[in-house]
Amino acid sequence: MLQALNKESLPIPYHQIAMNHCNCPGQHAPNPPDACPAPRLKEDPAPPSGLDFGVITGWEPLNTIASPMVANEHVSFRERLRNLSVRWAYKRHNHRITPGLYSFGAPDGTSPVLVTANYKLTFDKLRSHLSGLQLWILVLDTKGINVWCAAGKGTFGTNELVNRIRSTGLARLVTHRTLILPQLGAPGVAAQTVEKETGFRIKYGPVYARDIPRYLANGMRKTGEMRTVHFTLMERLSVVPVEMIHALRLLIPAILVALLLGFTKPESPIAYPLIVIPGCLLIGTFLFAALLPYLPSRAFSSRGAILGVLWSALVAWLTHTPMSSAWPSALIATSICAYLAMNFTGCSTFTSQKGTEIEVRLSLPWILSGIFAGVLLPVILTILL
Amino acid sequence: MKFRFHHNGSSLSLDSGLCTGCRRCVEVCPHAVFSIVKNRAAIVDRASCMECGACALNCAPGALSVVSGVGCAAAIINGMLSGKSPSCDCSASCC
Ligand code: SF4
Ligand code: SF4
C-alpha cells in the first residue's frame, strides 16, 4: 500500500530511471538517453556537461521539478586521465558537473540520499565507491571546489543545501527525511537550520567515500575510524603536483640568482648554486610532503629549513664545494625550502588559522632576510674585496 | 600517525551547562577532539583541534564556540598584503 502510494505521488516513473531512459515531454515511449538534451538549470546557463564524458545522462525538467540525471560507478580511462591532469592544475577551474539530483542504480522513494560537491574529481571518487548500491545523489553547486574547502568557504553550505533541496523537489521524491552529508561538509552546514527549514534530518557520513558502503550496511553508524581524517603518504603526495606547479613560478628567479652567485665567486664551481637553488623547489615540495611526519619540530617552516640545510650540505659534499663559497646559495636554498614548506600548511589536514598565522609572523622575517643576505652579501663582499 | 600543530585548539571552548549530550560534535569532528562522558561532551584532545568550526556550527544549543579560519600560509600572507582577513581566494587553483 505504502509502495503504491509512493509511486502515485512520485513525479518520475522509477522503472524508467532504472532502465536509463528519459521521459521527454510529449512522448509516450521512453527514449534512449542520447535523444534527451542535457539538463539546463536556470542559474547555470551553460554548465560543463557530463555528457562529454558519456557518463551522465540528461533529463528534461518535468513540471517545476528538475528531474534526476543518471550516474553510474564507471569512471572511464579518459576521465581518469583528465582527473590526473587536474591534479597538476591543468584546466582546474572548470572541472565541474551540473549541480542537481542524480539517480544511481535503481533508487526508489526509500533509497538513501547522499549529498556531495560538484567538483568532478569528488563526484568521480564518490561514484566509483558506490557499485551495487541504489541511491540518490544531491550535487550542490560548490563552483567546482571539493567538499572540505567549499565548506570552509561556505559554498558547501546551509543556504545552498536548503535551496537545492527545494529546487530539486527532493521532498516529493523520497518518503524518508534523512540526508547523508560527507562529514567534511560540516564546517559549512548547520544541520539544525537545514532541519528547521526543510524537515530533512542530517546525518554526517564517513570522511572517506570508500567507507560509504560499510556505513550504509552498518545502519548509518560510523566507527571512530570512519570519523577521523588522515594525512597519509598517498594523500600528501597527491597534493604535491599543485604545490610544484606553484613553486615553478620561482624557477626562473631561482636560476637567475644562481647564475648571479656563480659569477660573483668565479673561483668556485658554478654547478653548486645551479644545483642547490633550483633543486630546492623539489626538496621543499615533494620531499617535504613525503617526510613531513618524520621531521622534528612542529612548525612547517623549520622542518623545511632542516631539509634545506641537509640538501645544501649534501650537494656541497658531492660537488666538493667548500663552505666559504657554498654559504650564500645554502642560505637561499634553506630559506626557499622553509617558505615552500610553510605554504604546505594550506594542503594539510590539521593546521589551525591561529597557529599558521603565528608561524607566518615568526618565520617570514627569517625567510626574507635569509634570501636577501644570500643574494646581497656576496655581491657586497665582491665589490669590497 | 597523529599530527600536531602549535596553538591548535586554543580558541575552542565548551559550556557544559548548555550541552545536551546530543553527540553531534563527536559526529562532525575530524580529529576526535570530543568524547561523551556521563552524557555530556568533553574535550579530550584539544591539541588536535584544527579550528575548522564544524562542531560549533552544528551544536544546536550553542554550547561550543571556536574561532575558525583557514590554516593556510598563502591565504594569511595574501591577507597581510591586501590588509584583509585571510581567505582562500586562490581562485580554485589550490584546493
Ligand atoms: S554538539 Fe553541543 S550539545 Fe551536542 S554533545 Fe556536542 S557540545 Fe553537547
Ligand atoms: S573546530 Fe573542528 S577540529 Fe576543532 S573540535 Fe571542532 S570539529 Fe573538531
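Residues numbered from 1 in each chain as written. Chains lettered and ligands numbered in written order. Predicted model: local features only at pLDDT ≥ 70, side-chain atom pairs only at ≥ 80, totals over all residues. Heavy atoms only, no water.

Helix and strand counts for chain B come out as three helices and four strands. Residue burial in chain B is summarised as follows: out of 95 residues, 44% are buried. Sequence-distant contacts, at least 24 apart, represent 50% of the contacts inside chain B between residues at least 6 apart. Accessible surface computed for chain B: about 4,500 Å², of which carbon and sulfur atoms make up 54%. (Helix = DSSP H or I, 4+ residues; strand = E, 2+ residues; numbered from the N terminus. Buried < 20%, exposed > 50% of the residue type's maximum accessible area, 1.4 Å probe, protein only. Contact = heavy atoms within 4.5 Å. Areas by Shrake-Rupley, 256 points an atom, 1.4 Å probe, with all protein chains shown as cover.)

The next subject is the domain arrangement of chain A. Residue and element names in this part refer to chain A. Here chain A is described as being made up of domain 1 (2–227) and domain 2 (233–384). Between domain 1 and domain 2, the contact holds five residues from the first and seven residues from the second. Counting the surface lost from both domain 1 and domain 2, the interface buries some 590 Å², and carbon and sulfur atoms represent 68% of this. Interface area lost by domain 1 to domain 2 is led by Arg87, Trp88 and Trp148, which between them contribute 76%. (Domains from an automatic or database assignment. Buried area = accessible area lost by both parts, 1.4 Å probe.)

Here we take up the layout of surface pockets. As a volume, the second largest pocket reaches approximately 390 Å³. As for the second largest pocket, its lining consists of 19 residues, and the residues nearest its centre are Lys203 of chain A together with Cys22, Arg23, Arg24 and Glu27 of chain B. Residue assignment for the lining of the second largest pocket shows that the elements contributing at least two residues are α8 (191–198) and β6 (201–204) of chain A together with α1 (24–28) of chain B. By residue class, the composition of the lining of the second largest pocket is eight nonpolar, two polar and nine charged. (1 Å grid on protein atoms, 1.4 Å probe; cavity = no way out; pocket = protein on both sides within 12 Å on 5 of 7 lines; lining within 4 Å. Points joined across faces, edges and corners; volume = space filled by probe spheres on them. Nonpolar A, V, L, I, M, F, W, Y, C, P; charged D, E, K, R; others polar.)

Our next topic: the site of ligand 2. Taken together, the neighbourhood of ligand 2 is formed by Leu12, Cys29, Pro30, Val33, Phe34, Cys49, Met50, Glu51, Cys52, Gly53, Ala54 and Cys55 of chain B. Looking at the shell around ligand 2 residue by residue, the classes come out as ten nonpolar, one polar and one charged. (Near = heavy atom within 4 Å.)

Residues and elements named next belong to chain A. Where burial is concerned, the two faces of strand β5 (residues 178–181) agree: the one with Thr178 and Ile180 and the one with Leu179 and Leu181 are both buried. Pairing analysis gives two bridges linking strand β3 (residues 113–117) to β5, with the strands arranged parallel. Bridging across to β5, Val113 finds its partner in Leu179. Pairing geometry for β5 and β6, over four bridges, is parallel. (Pairing = 2+ DSSP bridges.)

Residues and elements named next belong to chain A. Running from amino to carboxyl end, helix α12 (residues 240–248) crosses helix α14 (residues 271–291) at an angle of 165 degrees, the nearest separation of the two axes being 9 Å. The orientation of α12 with respect to α14, classified from their angle, is roughly antiparallel. Note on packing geometry: the crossing formed by α12 with α14 is right-handed. Residue-level contacts link Val240, Glu243, Met244 and Ala247 of α12 to Leu281, Leu282, Thr285, Phe286 and Ala289 of α14. When its residues are assigned to classes, the contact of α12 with α14 shows seven nonpolar, one polar and one charged. (Axes fitted to C-alpha atoms, helices over the stretch in contact; angles between N-to-C directions. Parallel < 35°, antiparallel > 145°, perpendicular 65-115°, else oblique. Left-handed = near helix turned anticlockwise from the far one by under 90°.)

On to the interface of chain A and chain B. Tallying the contact residues gives 52 residues for chain A and 40 residues for chain B. Three residues, Arg298, Phe350 and Gln353 of chain A, lead the burial of chain A against chain B; their summed loss comes to 17% of the area buried on that side. Linking chain A with chain B are zero salt bridges. In this structure, the connection of chain A to chain B is made through 13 residue pairs in polar contact (both at pLDDT 80 or more). (Salt bridge = Lys/Arg side-chain N within 4 Å of Asp/Glu carboxyl O. Polar contact = N/O pair within 3.5 Å; in protein donor to acceptor, adjacent residues only side chain to side chain.)

Residues Leu138, Phe156, Leu161, Leu170, Leu179 and Leu181 of chain A together with Phe34 of chain B are the most contacted members of the largest nonpolar core, which totals 51 residues. Take this core: its biggest share by element is five residues, from helix α5 (residues 147–153) of chain A. Excluding residues within four positions of it along the chain, Leu179 of chain A makes contact with Val113, Val115, Leu161, Ile165, Leu170, Phe200, Arg201, Ile202 and Lys203 of chain A. Grouped together as the second largest cluster of nonpolar side chains are 35 residues, Val240, Tyr272, Trp311 and Ala330 of chain A included. (Core = buried A, V, L, I, M, F, W, Y, C linked by side-chain atoms within 4.5 Å.)

A few words on the sheet that holds β5 of chain A. All names here are of chain A. What the six strands build is an open sheet, ordered β1-β2-β4-β3-β5-β6; its pairing is mixed. Looking along the sheet, the strands with just one partner apiece sit at the ends: β1 (69–71) and β6. When the angles between neighbouring strand axes are averaged without regard to direction, this sheet yields 35 degrees. Here helix α4 (residues 120–128) sits on the sheet in contact with β1, β2 (100–104), β3 and β4 (135–140), set at roughly 150 degrees to β3. Sitting on the sheet, helix α6 (residues 158–168) touches β2, β3, β4, β5 and β6, and the angle it makes with β4 is about 125 degrees.

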